[in-house]
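# Remarks on the overall topology
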Protein chains: 4
Amino acid sequence: MTVKVAVAGATGYAGGELLRLLLAHPDVEIGALTAASSAGTPLGSLQPHLPPLADRVVGETSADTLGGHDVVFLALPHGHSGAIAEQLGPDVLVVDLGADHRLRDAADWQHWYGGEHAGTWPYGLPELPGARERLHGTRRVAVPGCFPTGGSLALAPAVAAGLVTTDVTIVSVTGTSGAGKSLKPHLLGSEVMGSTSAYGVAGAHRHTPEFVQNLSAVAGRKVTVSFTPVLAPMPRGILTTASAPLTGDAAAARRVYEAAYADEPFVQVLPEGQWPTTSATVGSNTVQLQVSVDEQAGRLVVVAAIDNLTKGTAGGAVQSMNIALGLDETTGLPTAGVAP
Amino acid sequence: MTVKVAVAGATGYAGGELLRLLLAHPDVEIGALTAASSAGTPLGSLQPHLPPLADRVVGETSADTLGGHDVVFLALPHGHSGAIAEQLGPDVLVVDLGADHRLRDAADWQHWYGGEHAGTWPYGLPELPGARERLHGTRRVAVPGCFPTGGSLALAPAVAAGLVTTDVTIVSVTGTSGAGKSLKPHLLGSEVMGSTSAYGVAGAHRHTPEFVQNLSAVAGRKVTVSFTPVLAPMPRGILTTASAPLTGDAAAARRVYEAAYADEPFVQVLPEGQWPTTSATVGSNTVQLQVSVDEQAGRLVVVAAIDNLTKGTAGGAVQSMNIALGLDETTGLPTAGVAP
Amino acid sequence: MTVKVAVAGATGYAGGELLRLLLAHPDVEIGALTAASSAGTPLGSLQPHLPPLADRVVGETSADTLGGHDVVFLALPHGHSGAIAEQLGPDVLVVDLGADHRLRDAADWQHWYGGEHAGTWPYGLPELPGARERLHGTRRVAVPGCFPTGGSLALAPAVAAGLVTTDVTIVSVTGTSGAGKSLKPHLLGSEVMGSTSAYGVAGAHRHTPEFVQNLSAVAGRKVTVSFTPVLAPMPRGILTTASAPLTGDAAAARRVYEAAYADEPFVQVLPEGQWPTTSATVGSNTVQLQVSVDEQAGRLVVVAAIDNLTKGTAGGAVQSMNIALGLDETTGLPTAGVAP
Amino acid sequence: MTVKVAVAGATGYAGGELLRLLLAHPDVEIGALTAASSAGTPLGSLQPHLPPLADRVVGETSADTLGGHDVVFLALPHGHSGAIAEQLGPDVLVVDLGADHRLRDAADWQHWYGGEHAGTWPYGLPELPGARERLHGTRRVAVPGCFPTGGSLALAPAVAAGLVTTDVTIVSVTGTSGAGKSLKPHLLGSEVMGSTSAYGVAGAHRHTPEFVQNLSAVAGRKVTVSFTPVLAPMPRGILTTASAPLTGDAAAARRVYEAAYADEPFVQVLPEGQWPTTSATVGSNTVQLQVSVDEQAGRLVVVAAIDNLTKGTAGGAVQSMNIALGLDETTGLPTAGVAP
């Protein structure tokens, strides 16, 4: 089986990573590549790391250009996916890498993003309880945010098992590609190299409601999340340190995590004493996890590493595509990272 | 007044930074430079960034070599400072950059470091309540650990004012120089560049009891600290994200911090909306702070940036020396960072 | 067809990259993994980026362990490959990633490496004139050094076409992984980040005779090479700037390069105005090239980018294996890089 | 003596470094700070590494604002310095950090920069033969380009002594701050980290004529320069590898360099066997040099390290100011670098 795939937003970082993965996917034929401002340009000058697509000319993002494909990936700024998806029709698999269809609550969406809520689609984090089933055969997928990908998987087993309270703290150190190619002074190489800074502190980051939604669904009651993202001098990777007051049996923590992820092809609970490093996951769809209990502070501490562009965005999108189309979930997705 | 200064451990990162600062100190004459394994080597081949000292030959670390100076800085592995200090006599100002004399509780010290406790010296973090007074005229100083420097200052005002509970969470992202020049595989450039990882997780890091000691003293009761250090790909800098459940008046938070640090020459509470970056503090003795309240999560969140080698080690040491000797506290200490 | 492959030196950077590529190679089954000092350890703690091999236990490097495979890759310190290859027998394809069998002249080898010369094997840089033919069906391959890979391809067409004199200058900026995992102070993250330095200057680097051998063979007469490697703060990548006095027709330069590499699957002569970046080649087997003429200085200047671990080592090794075994040369080798 | 100093272009990287140095200069009082687009903004939000100036409000760049100072530094885009200088009058010391007044040949200037040539001012590289004398008492200084600073000092002694031919090759690896704060996609952190690339290749870089001018003046005849700048993932630093065919006595090379720089306070010819690293010079006004002869290739090879923002721009500017004003040349200029 070969599916014909279009990518809208092909010139950004998410689009570039998606194309890298799709080039290695045995069941995919890459069709239209579109973008907003670069239409008419050969992709080679915008994504020089993709020689096989160097001569492809970028088209305009429109239902016309994107029509006639089996799968359409949308890597667009928020607010743009709903209208395009509607025009593509219900039989096309539309995978939205943006934020438009992640939140269930319309008021929540409006509060965090502004404008009208485009609706809620099946959530592309198959490792969450119940999520994989909802992806089977779907023609609409909302790919999770990069932070909620690693952070939700870091805490879901403990929250589900009642090991911790519902008052969790998450600090995630991220590489710069998560901010995209936008030309902002604080994203210049001279500014980020040799420096680390926090942003969106104290509940101001838009991924906060997504964390709350994911963990509350798992807990069966409202979970409170204190989330702080930290920008570090690396292009890729998110290292999440998540903790919460321990209420359950400390000795059970490791067992709970091993059981939760025993059959997951992309989640690796590391052997005791080994801690995740983001470099080990670069370019791979793997989540590396370690769990530990701080007995003095009475907290469960989980550390998780992912590549924000792969498992955190494009890899997660391909994984969900595989499930939706009935392919083997792991097709075309490396688990080995590019290290060092 | 010119004081003659010796540095033991002159070939490490702390020693190198100390010498850089001392070269610019108008009241200091640099005397003996000693080290363990490199005795007999010109300093230029070990600290190539210090041209004025390039031809100085490194001596052996002994009371003989270190004797005859007004001030002796000890940048030694833990367990070595007590014996040397004793031989130097009570009139020499001994500033210990190591861990030997920081903890008040001997059992605590033994638990975390092993071996016999060498005693407790006045703690070289003058910005903590009461600390500056204890440094006036002292002839012994225990320089704080790099993590407790930034982290304690991040939380002390809130804890002292009863703004938060005593259950605090601290995640500190650090540059690699904090680990020193030790030849360990995970510290190789190939391993650290492009990667972030946590270590000493879940209460396992030796700076934990120092945090507890500092914050408990300020609070007047036992404070519980969940501390996670994270290694990031930069040579210098610590960015601390500290948070705790808010119990006091959210609106008072900023006022409390501004009041606490109004007269501190090295602590800069940033204007609202501006967040600390470690690069802004590189090579300087400045602590950059911002405070905020997460109303959804009900937590106070403070972010602090320092240079681990300057304010976090060598700069803090010189600041304490200045106080102990009755010099202006800011002498020889830059507040401007080397950025970008 | 499935070939059984063993890797000696599986715990180093070259070995790790080789395994990453072999995991994605459809015709390969990974057999024995061996190393010198880590025998008995699970690979997961040494190469955490290779989850599928995490539980594999590293064996000792010996003919016993390595026997019984169709292909054996040797990623060993120089001086060790010859003896092992002999014990493996003539029917096993032995691919030597080390320096032992690259140089044709025994005296040359002794001068640069010391000890006895183990012999000369077909040189695994198929893009050089005549090289591909010698690899067909061979059971012995000498993988080129990482610098000579990019640098030889940068200059070979011009030298072959007589566009330049035989007096060439090469400055290659390299990432740190080229130095391997050896624990040397100048390779610590704190030392390499934020810094650039030259080493092996003025003809002192061991890859110099390999450059001379390659380019002299192409030229049909002795070529003189001034080679300077420069260490830059990145884990992977080599950017080579090569130049030589122009003797031929400036207008022909581009045509000569396009013709030379028209059919090469892994060499990409970039469109005019676009210059190579090492990040575009990370994890890929691609060589990116640009050629230009400095009319004022009268020199041809060529810039080439590769990933030192992929095309420069492990990818080149797999490419040669493919040719030797009669597989499609590109099997299992990505041309798309992992960027940003 | 206290001189009142104004800085035009105070919000860029050159301006920021200049202010850092001026803050530590004992004879300077910092007056007006101006910029183009940020007038009205407090400097603290634009240069967060300069706490002592955080509350200073940026003014407009005009003769009005800049008037009334003893010294005016102009860190402006090229083409803007001449007109402002004229309005400031002949008694004010004007130090131009831009390119306007570096080249002697008006046609040359027009060819490389476009527009009318503003004239030639005494060249602020006192270590070049004759340059220091021309700076004494001058009221106009043209600060050299960052590349010509290190590269000219790397070759001048050999060229002056006739040790080499006049056909020189220079490859300079630079940090990103040399490109300033301009918002260009290839300067984003995601693009520069983990990557190296060449630009302005084959004689296209504007510093080429400045190299030619400097070295030709020293040689007494036209020198041909093949210059290639390479962008590396670090904020600061330039490592220059310069070479030329050796014509003189190889054994004399070292002696020539030691003699040339024996009395220079900011040029350090390293001991044999030690090679320059850019990190050793970060934030300092030092040039680190090493010289060597490649006997096989018959070339002299010199490696030089500087900080492009300090000795390469702002430090060089302050050094020239000191000379022009009759102050000790080294006042306020650190020779110790901020490393690691």
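Residues numbered from 1 in each chain as written. Chains lettered and ligands numbered in written order. Predicted model: local features only at pLDDT ≥ 70, side-chain atom pairs only at ≥ 80, totals over all residues. Heavy atoms only, no water.

Note the cut-off: UniProt positions are given in the numbering used here, feature names are shortened, and annotations may be inferred rather than shown by experiment.
As recorded in an unreviewed UniProt entry, chain A goes by N-acetyl-gamma-glutamyl-phosphate reductase and comes from Prauserella sediminis. In the Catalytic activity (unreviewed entry) part of its UniProt record, chain A is described as follows: "N-acetyl-L-glutamate 5-semialdehyde + phosphate + NADP(+) = N-acetyl-L-glutamyl 5-phosphate + NADPH + H(+)".

### Brief notes about the overall build of chain A
As a reminder of what qualifies: Helix and strand labels come from DSSP, where a helix needs a run of H or I of at least four residues and a strand needs a run of E of at least two; each type is numbered from the N terminus. In this description the radius of gyration comes from C-alpha coordinates, and the expected globular size is given by 2.2 Å times residues to the power 0.38. Partly exposed describes any residue whose relative accessible area lies between the buried limit of under 20% and the exposed limit of over 50%, with all areas from a 1.4 Å probe on protein chains only and scaled to the type maximum. Contact definition: two residues touch when any of their heavy atoms are within 4.5 Å. Values of accessible area rely on a 1.4 Å probe in the Shrake-Rupley scheme; residue burial ignores everything except the protein chains shown.
Helix and strand content of chain A: ten helices and 13 strands. Here chain A has a C-alpha radius of gyration of 19 Å; the compact-globule value for 340 residues is 20 Å, and the two agree. In terms of overall dimensions, chain A has C-alpha extents of about 60 × 45 × 40 Å along its principal axes. Out of the 340 residues in chain A, the part that is buried amounts to 66%. Counting only contacts in chain A whose residues sit at least 6 apart along the sequence, the fraction spanning at least 24 positions is 70%. Accessible area of chain A: about 10,600 Å², with a carbon and sulfur share of 49%.

### Digging into the sheet that holds strand 10 (residues 238-245) of chain A
Residues and elements named next belong to chain A. Selection criterion: Strands are labelled as partners when DSSP assigns at least two bridges between them. Only C-alpha atoms enter the line fits that serve as axes; for helices the fit covers just the stretch in contact. Angles between N-to-C directions range over 0 to 180 degrees.
Taken in spatial order, the seven strands line up as 8-9-7-10-13-12-11 in an open sheet, and their pairing is mixed. Taken across any chain shown, the strands that pair with only one partner, and hence form the sheet edges, are strand 8 (197-198) and strand 11 (267-269). Pairing analysis gives two bridges linking strand 8 to strand 9 (residues 224-231), with the strands arranged antiparallel. The residue bridging Ser197 from the neighbouring strand is Leu231, located in strand 9. Packed on one face of the sheet, helix 6 (residues 146-160) meets strand 7 (167-174), strand 9, strand 10, strand 11, strand 12 (287-294) and strand 13 (299-306) and runs near 140° to strand 13.

### Considering the nonpolar core
All names here are of chain B. The test is simple: Residues belong to a common nonpolar core when they are buried Ala, Val, Leu, Ile, Met, Phe, Trp, Tyr or Cys residues joined through side-chain atoms within 4.5 Å. For each domain, the first and last residues come from an automatic or database assignment.
Val225, Leu289 and Leu300 are the most contacted members of the largest nonpolar core, which has 39 residues in total. In terms of residue count, helix 6 (residues 146-160) provides more of this core than any other element does, eight residues in total. Both domains that furnish three or more residues to this core are identified here as domain 1 (3-144 + 311-325) and domain 2 (147-308). Not counting chain neighbours up to four residues away, the residues in contact with Leu289 comprise Leu153, Ala154, Tyr257, Tyr261, Val267, Gln268, Val269, Leu270, Pro276, Val302, Val303 and Ala304.

### So, the confidence of the model for chain A
Definition in use: The predictor attaches a confidence to each residue, called pLDDT, with possible values from 0 through 100.
Mean pLDDT over chain A works out to 97, with 100% of the residues at or above the 70 mark. Interface confidence for the predicted complex, expressed as ipTM, amounts to 0.96; the pTM equals 0.97.

### Examining the packing of helix 6 of chain B against helix 9 (residues 253-261) of chain B
All names here are of chain B. Selection criterion: Here the angle decides the label: under 35 degrees means roughly parallel, over 145 means roughly antiparallel, 65 to 115 means roughly perpendicular, and every other value means oblique. In this scheme the crossing of two helices becomes right-handed for a clockwise turn of the near helix relative to the far one and left-handed for an anticlockwise turn of less than a right angle.
Direction vectors running N to C along helix 6 and helix 9 enclose 115°, while the axes themselves pass 9 Å from each other. Compared by their axis directions, helix 6 and helix 9 come out roughly perpendicular. The way helix 6 lies across helix 9 gives a crossing that is right-handed. Side by side, helix 6 and helix 9 meet where Leu153, Ala154, Leu155, Ala156, Pro157 and Ala158 of the first sit next to Val256, Tyr257, Ala260 and Tyr261 of the second.

### Side note on the UniProt feature "active site" (unreviewed entry) in chain A
Residue and element names in this part refer to chain A. Under the UniProt annotation, the feature "active site" (unreviewed entry) is placed at Cys146. Structurally, Cys146 can be placed in helix 6. Once residues within four sequence positions are removed from consideration, Cys146 is found in contact with His207, Ile238, Ile306, Asn308, Gly312 and Thr313.

### Quick notes on the domain arrangement of chain A
In many analyses, interface size is given as the accessible surface area lost on bringing the parts together. All names here are of chain A. What counts here: Simply put, the buried area is the total loss of 1.4 Å probe accessible area from both parts when two parts are fitted together. The salt bridge definition used is simple: a Lys or Arg side-chain nitrogen within 4 Å of an Asp or Glu carboxyl oxygen. Polar contacts here mean pairs of N or O atoms no more than 3.5 Å apart (in protein, one a potential hydrogen donor and the other a potential acceptor; neighbouring residues in sequence count only if both atoms are side-chain atoms). When residue character is reported, Ala, Val, Leu, Ile, Met, Phe, Trp, Tyr, Cys and Pro are called nonpolar, Asp, Glu, Lys and Arg charged, and the others, Gly included, polar.
Once the domains are mapped, chain A shows domain 1 (3-144 + 311-325) and domain 2 (147-308). Its C-alpha centre places domain 1 at a distance of 24 Å from the equivalent point of domain 2. Listed per partner, the contact involves 29 residues of domain 1 and 33 residues of domain 2. At the boundary of domain 1 with domain 2, total buried surface from both sides reaches about 2,400 Å², with 53% on carbon and sulfur atoms. The three residues of domain 1 that bury the most area against domain 2 are Tyr13, Trp112 and Lys311, which together make up 30% of that side's buried surface. Between Glu17 and Arg236 there is a salt bridge, with its nearest N and O atoms 2.7 Å apart. Remark: the boundary between domain 1 and domain 2 carries 16 residue pairs in polar contact (both at pLDDT 80 or more). Going through the elements one at a time, helix 1 (13-23), helix 4 (106-113) and helix 10 (310-325) are the ones with two or more residues in the side of domain 1 that touches domain 2. With six residues, helix 10 is the single largest residue contributor to the side of domain 1 that touches domain 2. Along the lines of polarity and charge, the residues of the side of domain 1 that touches domain 2 split into eleven nonpolar, nine polar and nine charged.

### Looking at the side chain of D:Asp27
Topologically, D:Asp27 is positioned in the loop between helix 1 (13-23) and strand 2 (28-35). Filtering out sequence-adjacent residues up to four positions away, D:Asp27 remains in contact with D:Met1, D:Thr2, D:Val3, D:Leu327 and D:Thr331.

### Considerations on helix 3 (residues 81-88) of chain B
All names here are of chain B. Selection criterion: Think of it as the arc spanned by the lines of direction from the helix axis to the C-beta atoms.
Where helix 3 is concerned, the buried positions are Ser81, Gly82, Ile84, Ala85 and Leu88. Buried residues in helix 3, looked at end-on, bunch into an arc of 165°, giving them a common side. Seen from the buried face of helix 3, the exposed residues on the opposite side, beyond 90 degrees, are Ala83, Glu86 and Gln87. Where helix 3 is buried, its residues meet helix 2 (63-66), strand 4 (71-74), strand 5 (93-96) and strand 6 (140-142). Of the residues trailing helix 3, Gly89 is marked for its positive phi of about 90°.

### Quick notes on the relation of the copies chain A and chain B
Rules: Least-squares superposition of the copies uses the C-alpha atoms of those residues scoring a pLDDT of at least 70 in each of them.
Superposing chain A onto chain B takes a rotation of 180° plus a shift of 0.0 Å along the axis, which leaves an RMSD of 0.0 Å. Such a combination of rotation and displacement between the chain copies is what one expects of a two-fold axis. Among all C-alpha atoms of chain A, that of A:Pro233 lies closest to the rotation axis, at 3.0 Å. Both copies share a contact surface, since 100% of the interface residues of chain A are interface residues in chain B too.

### Some points on the sheet that holds strand 7 (residues 167-174) of chain D
Residue and element names in this part refer to chain D. Across the sheet, which stays open at both edges, the seven strands sit in the order 8-9-7-10-13-12-11 with mixed pairing between neighbours. The strands lining the two open edges of the sheet, one partner per strand, are strand 8 (197-198) and strand 11 (267-269). Pairing between strand 7 and strand 9 (residues 224-231): eight bridges, direction parallel. The residue bridging Thr169 from the neighbouring strand is Ser226, located in strand 9.

### Describing the interface of chain A and chain B
At the interface, 40 residues of chain A touch 40 residues of chain B. For the interface between chain A and chain B, the tally reads two salt bridges. For B:Asp167, the salt bridge identified is with A:Arg299, shortest N-O distance 3.8 Å. Inspection of the region where chain A meets chain B yields six residue pairs in polar contact (both at pLDDT 80 or more). Secondary-structure elements contributing two or more residues to the side of chain A that touches chain B are strand 7, helix 7 (189-192), strand 8, strand 9, strand 10, strand 12 and strand 13 of chain A. Of the residues belonging to the side of chain A that touches chain B, the class tally is 18 nonpolar, 17 polar and five charged.

### Here's the deal with unusual backbone geometry
Negative phi is the rule for most residues except glycine; trans is the rule for most peptide bonds. Residue and element names in this part refer to chain A. With omega at 0°, the peptide bond leading from Ala339 into Pro340 counts as cis. Located in the positive-phi region is Ala202, a residue other than glycine, with phi close to 65°. Topologically, Ala202 is positioned in the loop between strand 8 and helix 8 (208-219). On the accessibility criterion, Ala202 (12% relative accessible area) is buried.

### A short note on the side chain of B:His69
All names here are of chain B. Note that His69 resides in the loop between helix 2 and strand 4. Within the local environment of His69, its side chain forms a polar contact with the backbone oxygen of Leu66, the two atoms lying 2.9 Å apart. Looking at His69, its side chain comes within polar contact range of the main-chain oxygen of Gly67, at 3.0 Å. Beyond its immediate sequence surroundings of up to four residues, His69 is in contact with Lys4, Val5, Ala6, Gly31, Ala32 and Val92.

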